[in-house]
Amino acid sequence: MKRAFIFLLVSIVLISCNRREPNDIEINIVERVKQANNERNYDVIKPFLSQEFHFKGSDINTSFTSLYAYLNFKLSEIITKIEIDYVQDINDSIFLIKGTKFYKNYNSDRLELTYKLTDNGAKIQVINSIKPHKFPLTTRASYRNEEIFGDDPVHNIMNLNVLDKSSADSISKFDYTIYFNEGLKEESEISIKLFGRLDSLLTNKYQINEIERENLFLTTINSNNTITIGKNRNIPWVMALHESDSINVVNLTNKIGNTFSHEIIEGTLVQNYNLKSYTYRWFRDGLSEYIAYKFCKIIAPEEVESYFIGHRLSSATKFAREGNLLDWRANGPIENVDKGKLYGSKFIYYNEFGQYGRAFKFFKDLFENNEELLIEILKKIKEDKNITIDTLLNIMSEITDKNIRELISEY
């Protein structure tokens, strides 16, 4: 017991002896963190970042996108000062800075920053955070990994276009908001009208009254590398419109018809019909494709022939019966479900084998000439607060007078 106490005491003494006051390099690093944050300027901190930089508890790629987006966010929080408590020498080249960050509108929180001395100067390896602990931050990103990270994320991250909806113009109607860059007001007004027509179709024809709406950000940025940032989960989709007005309108109408409408319908089924599980994937995506097809027939009939008939139905024929759609995951195996099973994984876990087209064809064949059955099925699902996959299949079988398990296996 005495020996253990002595060992503990010696350890405390050694740790204490390892702590010291910050030197000029460390004071400069901390000041650069504060300056980059307050000026919303990545260039200020860029020379001090290592290629392995990451926020504590996060991976490198996520950390770079989060840092870059936050530093370009109009609503990021001002740091009034950073006090360094002490510096700890981890070894001859790696050092830990501990301190406190003070904010203009938030309570103070801890700073933990690890840096390494290299031939190219001091390089930050890890920071616990730069934003306040309670600060809400949400992003929705679409980018090409090699262009944004590659072997030089410190530099490549600047290829990421940050879209800050708080800095954009916007219009709202029908509970949708369209954000837009300068010059795209007409296209934003067209978008609002199209979403309104989708709502009318869902409500009046399919009796879907609780709609999970999404917002849209129209931008002139001609890039696949974008990240949209906000303070809540209601992050808009992004669509780039950088061609002539007439082409922009066609592209916008087609995209709302074939893609955005699908996502609104699927989100509605997940949130308001309690169809969250992977077991409902075939139903959600099949029905969403089918109603998007019907909507597209109203607003973009040429796109129906190209996208739904030419693309979706041809893939349904090409990959017919390649794995049962009831087993479709698309997000990889589920350990507690798939353990020991000998499924052909490519037909279950991926989307490249006609699943969207096959599920669409199933709904089209079953309901296009008898949509009152579909409306009745949706009504029954909505009434069941504890829906299961077996209940859903039984509801469909009873209303259609067909064995749905057997029927869908033919697709």
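Everything discussed here concerns the structure shown above.
Everything numeric here is computed off the predicted structure, so don't read it as measured data.

### A word on the overall build of the protein
Here is step 1 of the chain: Within the protein one finds 16 helices and 13 strands.
Here is step 2 of the chain: Reported as C-alpha extents along the three principal axes, the dimensions of the protein are approximately 80 × 60 × 35 Å.
Here is step 3 of the chain: Intrachain contacts of the protein at a sequence separation of at least 6 include 63% that bridge at least 24 residues.
Here is step 4 of the chain: As presented, the protein carries roughly 20900 Å² of accessible surface, and 47% of it is formed by carbon and sulfur atoms.
Here is step 5 of the chain: Separation of charge centres in the protein, based on 52 positive and 57 negative side chains, amounts to 5 Å.

### Quick word on the sheet that holds strand β13 (residues 237-240)
Here is step 1 of the chain: If you trace the four strands from one edge of the open sheet to the other, you get β9-β10-β11-β13, paired in mixed fashion. Where the open sheet ends on each side, the last strands, each with one partner, are β9 (169-173) and β13. When strand polarity is set aside, the average angle formed by the axes of neighbouring strands in this sheet is 20 degrees.
Here is step 2 of the chain: Here β9 pairs with strand β10 (residues 176-180) via five bridges, running antiparallel. Residue pairing for β10: I171 is matched across the bridge by I178.
Here is step 3 of the chain: In the packing of helix α7 (residues 185-205) onto the sheet, contacts are made with β9, β10, β11 (216-219) and β13, and the angle to β10 comes to roughly 160 degrees.

### Focus on the packing of α7 against helix α9 (residues 281-299)
When two helices pack together, their arrangement is captured by the angle between the axes and the distance separating the axes.
Here is step 1 of the chain: Their axes nearest at 11 Å, the elements α7 and α9 cross at an angle of 125 degrees. Regarding the angle of α7 to α9, the classification is oblique. When the axes of α7 and α9 are compared, the crossing they make is right-handed. Residues L194, R197, L198, L201, L202 and K205 of α7 pack against I291, K294, F295, I298 and I299 of α9.
Here is step 2 of the chain: Residue composition of the contact of α7 with α9, by class: eight nonpolar, no polar and three charged.

### A closer look at the pattern of salt bridges
Here is step 1 of the chain: Under the criterion given, the structure shown has 23 salt bridges.
Here is step 2 of the chain: Residues E266 and R284 are paired through a salt bridge, measuring 3.4 Å at the closest nitrogen-oxygen approach. A residue pair is termed long-range when its members are at least 10 positions apart, and E266 in helix α8 (residues 245-272) and R284 in helix α9 qualify at 18 residues.
Here is step 3 of the chain: R284 gets classed as buried once you look at its relative accessible area, which sits at 8%.

### A closer look at the packing of aromatic side chains
Here is step 1 of the chain: Summed over all chains, the structure comprises 23 aromatic pairs.
Here is step 2 of the chain: Taken together, the aromatic side chains of W282, F283, F362, F363, F367 and Y411 make up a single cluster linked through ring pairs.
Here is step 3 of the chain: In this structure, R281 is placed above the aromatic ring of W328, and the distance from its NZ or CZ to the ring centre is 4.5 Å.

### Describing the sheet that holds strand β7 (residues 138-142)
Here is step 1 of the chain: If you trace the three strands from one edge of the open sheet to the other, you get β7-β12-β8, paired in mixed fashion. In the strand order of this sheet, the two ends are held by β7 and β8 (161-164), each with one partner. Each adjacent strand pair in this sheet contributes to an overall mean axis angle of 20 degrees, direction not counted.
Here is step 2 of the chain: Inspection of the sheet shows β8 paired to strand β12 (residues 226-230) by four bridges, in the parallel sense.

What counts as what
- Residues numbered from 1 in each chain as written.
- Predicted model: local features only at pLDDT ≥ 70, side-chain atom pairs only at ≥ 80, totals over all residues.
- Heavy atoms only, no water.
- Helix = DSSP H or I, 4+ residues; strand = E, 2+ residues; numbered from the N terminus.
- Contact = heavy atoms within 4.5 Å.
- Areas by Shrake-Rupley, 256 points an atom, 1.4 Å probe, with all protein chains shown as cover.
- Lys, Arg positive; Asp, Glu negative; His and termini not counted.
- Charge placed at Lys NZ, Arg CZ, Asp CG, Glu CD.
- Pairing = 2+ DSSP bridges.
- Axes fitted to C-alpha atoms, helices over the stretch in contact; angles between N-to-C directions.
- Parallel < 35°, antiparallel > 145°, perpendicular 65-115°, else oblique.
- Left-handed = near helix turned anticlockwise from the far one by under 90°.
- Nonpolar A, V, L, I, M, F, W, Y, C, P; charged D, E, K, R; others polar.
- Salt bridge = Lys/Arg side-chain N within 4 Å of Asp/Glu carboxyl O.
- Buried < 20%, exposed > 50% of the residue type's maximum accessible area, 1.4 Å probe, protein only.
- Phe/Tyr/Trp six-rings, centres within 6.5 Å; stacked < 30°, edge-to-face > 60°.
- Lys NZ or Arg CZ within 6 Å of the ring centre and 35° of its normal.

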